[in-house]
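# Fold and geometry: a report
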Amino acid sequence: MSSSTIAGTEVTAEELVGREVPATYKAAYVEKKDAVALWEQPEETRQRADVRETLKVGEMPMPELAPDEVLVAVMASALNYNTVWSARFEPIPGFVFLNHLAKSGGWNERHDQDQHVLGSDAAGVVVRTGSAVEDWGEGDSVVIWPGWGNAERATRYHDVVLGDQNLAWGFETNFGGLANYAIVRTTQLMPKPKHLTWEEAACNTLCAMTAYRMLVSPNGAPFKQGDIVFVWGAAGGLGSYALQLIRNGGGISVGVVNSDEKERLIRELGCDLVIRRDQLELDGLEPRKWAKVFREEVRGAFGEDPHVVFEHVGKQTFWASVYLTRPGGRVVTCGSSTGYEHTFDNRYLWMKAKSIVGSHGSTPQEGLECNRLFEMGKLQPALSKVVALDDVAEAAHDLEANRHVGKVGVLCQAPEEGLGIEDPQRRAEIGESKIQLFRSFGQ
Ligand SMILES: NC(=O)c1ccc[n+]([C@@H]2O[C@H](COP(=O)([O-])OP(=O)(O)OC[C@H]3O[C@@H](n4cnc5c(N)ncnc54)[C@H](OP(=O)(O)O)[C@@H]3O)[C@@H](O)[C@H]2O)c1
């Protein structure tokens, strides 16, 4: 247990552990009644929910701890796009997931509540352990891998993503990380990189580990040195880590962004070709011409097409992604922000033997390998901005409106930014300018 001050003046891990577990805790949540009210409206007239109204912050009852769980005092968390989906109750209300989970009985019944505590990223201190916990102890500083499942199921052990229970914590489960406390299974715990602050450590797990599986793991569409990798949304949550992984692995990156600020950021990250989609004349173009604009940008720079296209934008870009990829190349996708019913011209896929690879989250092993890269200083946090837990709804609205850069951190129990560094020497070796690169953007 760290005896250094980690949570503001005089607060050590020991003191955090010594505090009584409160009966209620502050958390960001959505309510079942709002989901019901929205879904009762006829489909033709149903308006999109305003996340500033549906995402609330208040006191939640402290759940009981299952034997294989720990209670984490969350020092910091981060926003993910899945919080936007949850607060819009799209594509279906998260309460449907909670209800389904509860049907498996036992401790899982706790998840089916009228309030859903959100959040799939967090860093903090283990303050209580369930009776069956062996490897983790009170006072451990942790980051939380967001995959949630039953460790007894053998289907987890080859590739958890293929298993029959692979849920996103704080999205498909309750008691997530946008809160002062979180309930976490021991299978989710990973050591916090000791040189990072709470907010720097908290923002990485979901997006970096997802990008790692997509581009590095054999389970995704791994690139080789010299391969051209085309990244949509290169300064967003996923894209910011994708660019770092491509640079580390000797790939050639093509990053698409929509502003001067994002262009400057990805150039700093070493992006080899920047495409400014806001500066291209794309309006009204039919899909092939739209896609051709991007293909010509890449061909103009390198004389060849991408080996891998990194997809998460979905409906808007997918046609182009399939078209852009070189013969034998791969489109790897983990999401559909602009709509999940994609169209593409299948001739460009089958006649050139291209593949589409679906990817979702990561396995614990992929997560650990990615976490190790942060510990070694080979990956840096994409943290551009930090907000208070009270301001999470406004920040989620900004995320939805694409007004952010990289990741937005959220202070939970940490009273201020900059706390939680347990290895200042390591931090100095890596260098503030590298670790804090994103902080000069997106304020
Ligand atoms: N399955 C999984 O495990 C997993 C994990 C993480 C995220 N996701 C999903 O992946 C998606 C992206 O997540 P994120 O955290 O990277 O979100 P993000 O931080 O909002 O970044 C998305 C980026 O996409 C770009 N973009 C937005 N609209 C676009 C459009 N119409 N055309 C082209 N580019 C557009 C934006 O870049 P520019 O405007 O600069 O071009 C933005 O920076 C979300 O749907 C999320 O739910 C899935």
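As the structure is a computational prediction, the values presented were derived from the model and not from experiment.

So, on to helix α13 (residues 364-375). Over its 12 residues, α13 runs 16 Å from end to end, which matches the ideal 16 Å to within 8%, given 1.5 Å per residue. Looking only at α13, the buried set comprises E366, G367, C370, N371, L373 and F374. For α13, the angular spread of buried residues about the axis comes to 150 degrees, placing them on one side. In this structure, the buried side of α13 is in contact with β6 (141-144), β10 (189-191), α7 (205-215) and α8 (237-248). A positive backbone phi angle near 80 degrees is found at G377, which sits one or two residues after α13.

If you check the shell around the ligand, you find 24 residues, and the closest are R277, S337, G361, N402 and H404. Between an oxygen atom of the ligand and a side-chain N or O atom of W85, the distance comes to 3.1 Å. At a separation of 2.7 Å, an oxygen atom of the ligand approaches a polar side-chain atom of N402. Coverage of the ligand by the protein chains reaches 90% of its 910 Å² of free accessible surface. At the level of secondary structure, the elements contributing two or more residues to the shell around the ligand comprise α4 (81-88), α7, α8 and β12 (252-257). The class makeup of the residues in the shell around the ligand is 8 nonpolar, 14 polar and 2 charged.

What follows covers the environment of L269. Examined against the element boundaries, L269 turns out to sit in the loop between α9 (260-268) and β13 (273-276). Its relative accessible area of 4% is what places L269 among the buried residues. Each C-alpha atom of the pair L269 and F438 lies 9.5 Å from the other, and the pair is 169 residues apart in sequence. For L269, the contacting residues outside a window of four places in its chain are S240, L243, Q244, R247, L437 and F438.

Analysis parameters
Residues numbered from 1 in each chain as written. Predicted model: local features only at pLDDT ≥ 70, side-chain atom pairs only at ≥ 80, totals over all residues. Heavy atoms only, no water. Helix = DSSP H or I, 4+ residues; strand = E, 2+ residues; numbered from the N terminus. Expected span 1.5 Å × (residues − 1). Buried < 20%, exposed > 50% of the residue type's maximum accessible area, 1.4 Å probe, protein only. Arc of directions from axis to C-beta. Contact = heavy atoms within 4.5 Å. Near = heavy atom within 4 Å. Polar contact = N/O pair within 3.5 Å; in protein donor to acceptor, adjacent residues only side chain to side chain. Areas by Shrake-Rupley, 256 points an atom, 1.4 Å probe, with all protein chains shown as cover. Nonpolar A, V, L, I, M, F, W, Y, C, P; charged D, E, K, R; others polar.

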